[in-house]
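Understanding the architecture of this molecule
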Amino acid sequence: MSSSLRPSSPRPSSNDAKPLTIIEPRRGWVAIDWRELVHYRDLFYFLVWRDIKVRYKQTVLGALWAIIQPVMYMVVFSIFFGRLAGMPSDGLPYPIFLYAGLLPWTLFASSVGQSAGSVVGSASLITKVYFPRLIIPMASVGSALVDFAVAGLVLLVLMFYYGIYPGVALVALPFLILGMMVAALGVGLLLSALNVAYRDFRYVVPFMLQLWLFLTPVIYPVSIVPARWQWLLQLNPMTGLIQGFRSALLGRPFDGMSLLMSGLIAAIALGIGTIYFRSTERNFADVV
């Protein structure tokens, strides 16, 4: 049963004892029912908690894995790119410059990776009960946000160690995180719907995210890219968001144009992902 199957008006049964609800598919584009999403918010919380428990079930370190992954990336990249290759870091110590880029990138990559397989992974739920299917990839983004909050503690320790303290620019942080979630949800919705019809995407997504990492100014600053090619980086929604994240926490100047481009492209990605997801979800129960 797909999410575009909506209950119509009750019709009396043959014995007139109980009303009979007929569930029929709608034709064409079906707008998002925001009130319905709010109504199913408890299911959203449950799926977020389920994803977190499944991820760390029967693990020795538990939620510490949310910290270990970005910290290990920071150590390895700091050695090879910071120490050996001498990568510039816009006047900041390279470890904190790197971690301030890895933290939002990990939020984006984890959200996209988990969202891409979320619909297929919830096949038993989709085929049995009705609920808004959008909740499934949204819950994947929500669970990644929990890991982001845990791993953010390491960034606070690094800032204290290097004597870097945020200023009033910190008020922009919630909006930057919201932009990252919008971008991740847009890409995740598109990939989750594609993964239902074309199972090859479960192999494409990890490779795509690895390539995307090196096309994003995480391990290097935008300033090392020749000026004539920097516009290509601006087409990446994570470019301005990661730069803005560093600016909000580390006291660097904001690039307003880059932030505007990132916000616009993130919104476009969410629109495209939502349209494709909503146009294909009526077939999820039959294909998944």
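Everything below is about the structure shown above.
Residues numbered from 1 in each chain as written. Predicted model: local features only at pLDDT ≥ 70, side-chain atom pairs only at ≥ 80, totals over all residues. Heavy atoms only, no water.

With respect to the nonpolar core
- W105, F108 and L155 are the most contacted members of the largest nonpolar core, which has 53 residues in total.
- Top element by residues in this core is helix α4 (residues 94-116). It accounts for 14 residues.
- Aside from chain neighbours lying at most four places away, what touches F108 is M180, A183, A184, V187, W212 and M238.
- Membership of the second largest hydrophobic core comes to 21 residues, among which are V48, A66, I126 and F284. (Core = buried A, V, L, I, M, F, W, Y, C linked by side-chain atoms within 4.5 Å. Buried < 20%, exposed > 50% of the residue type's maximum accessible area, 1.4 Å probe, protein only. Helix = DSSP H or I, 4+ residues; strand = E, 2+ residues; numbered from the N terminus. Contact = heavy atoms within 4.5 Å.)

Description of the environment of R41
- The residue R41 is located in helix α2 (residues 41-56) in this model.
- Residue R41 is classed as partly exposed on the basis of its relative accessible area of 42%.
- The sequence separation of R41 and I135 amounts to 94 residues, and the corresponding C-alpha distance is 8.5 Å.
- Within the structure, the side chain of R41 is placed 2.9 Å from the backbone oxygen of V38, a separation counted as a polar contact. (Polar contact = N/O pair within 3.5 Å; in protein donor to acceptor, adjacent residues only side chain to side chain.)

Concerning the packing of aromatic side chains
- This model, assessed by the stated rule, comprises ten aromatic pairs.
- For the pair F44 and Y45, a centre-to-centre distance of 5.8 Å together with 65 degrees between the ring planes defines the contact as edge-to-face.
- For F44, a relative accessible area of 23% puts it in the partly exposed group.
- Pairing Y161 with Y162 gives two aromatic rings, centres 5.0 Å apart and planes at 85 degrees, and the pair type is edge-to-face.
- When its relative accessible area of 31% is taken as the criterion, Y162 is described as partly exposed.
- Grouping aromatic residues by their ring pairs yields a cluster made of Y73, F77 and F81.
- A cation over a ring is seen here: R133 above F131, with NZ or CZ 4.6 Å from the ring centre.
- The aromatic ring of F97 is capped on one face by R246, whose charged end is 3.7 Å from the ring centroid. (Phe/Tyr/Trp six-rings, centres within 6.5 Å; stacked < 30°, edge-to-face > 60°. Lys NZ or Arg CZ within 6 Å of the ring centre and 35° of its normal.)

Concerning the layout of surface pockets
- Estimates place the volume of the largest pocket at around 470 Å³.
- Among the elements of the structure, α2, α3 (65-84), α4, α7 (135-161) and α9 (201-214) are those that each provide at least two residues to the lining of the largest pocket.
- Among the elements that make up the lining of the largest pocket, the one with the highest residue count is α4 (nine residues).
- A per-class count over the lining of the largest pocket returns 16 nonpolar, seven polar and two charged.
- Quantified by volume, the second largest pocket comes out at close to 270 Å³. (1 Å grid on protein atoms, 1.4 Å probe; cavity = no way out; pocket = protein on both sides within 12 Å on 5 of 7 lines; lining within 4 Å. Points joined across faces, edges and corners; volume = space filled by probe spheres on them. Nonpolar A, V, L, I, M, F, W, Y, C, P; charged D, E, K, R; others polar.)

Things to note about the packing of α4 against helix α8 (residues 173-197)
- At a closest axis distance of 7 Å, the pairing of α4 and α8 adopts a crossing angle of 25 degrees. With respect to α8, the axis of α4 lies roughly parallel. The handedness of the crossing between α4 and α8 is right-handed. Contacts between α4 and α8 pair P104, L107, F108, S111, V112, S115 and A116 from the former with I177, M180, A183, A184, V187, G188, L191, S192 and N195 from the latter.
- Residue composition of the contact of α4 with α8, grouped by class: eleven nonpolar, five polar and no charged. (Axes fitted to C-alpha atoms, helices over the stretch in contact; angles between N-to-C directions. Parallel < 35°, antiparallel > 145°, perpendicular 65-115°, else oblique. Left-handed = near helix turned anticlockwise from the far one by under 90°.)

Considerations on helix α12 (residues 256-280)
- For α12, built from 25 residues, the straight-helix expectation of 36 Å at 1.5 Å per residue is met to within 8% by its first-to-last C-alpha distance of 36 Å.
- Regarding α12, the residues found buried are S258, S262, I265, A266, G273, T274, F277, R278 and T280. (Expected span 1.5 Å × (residues − 1).)

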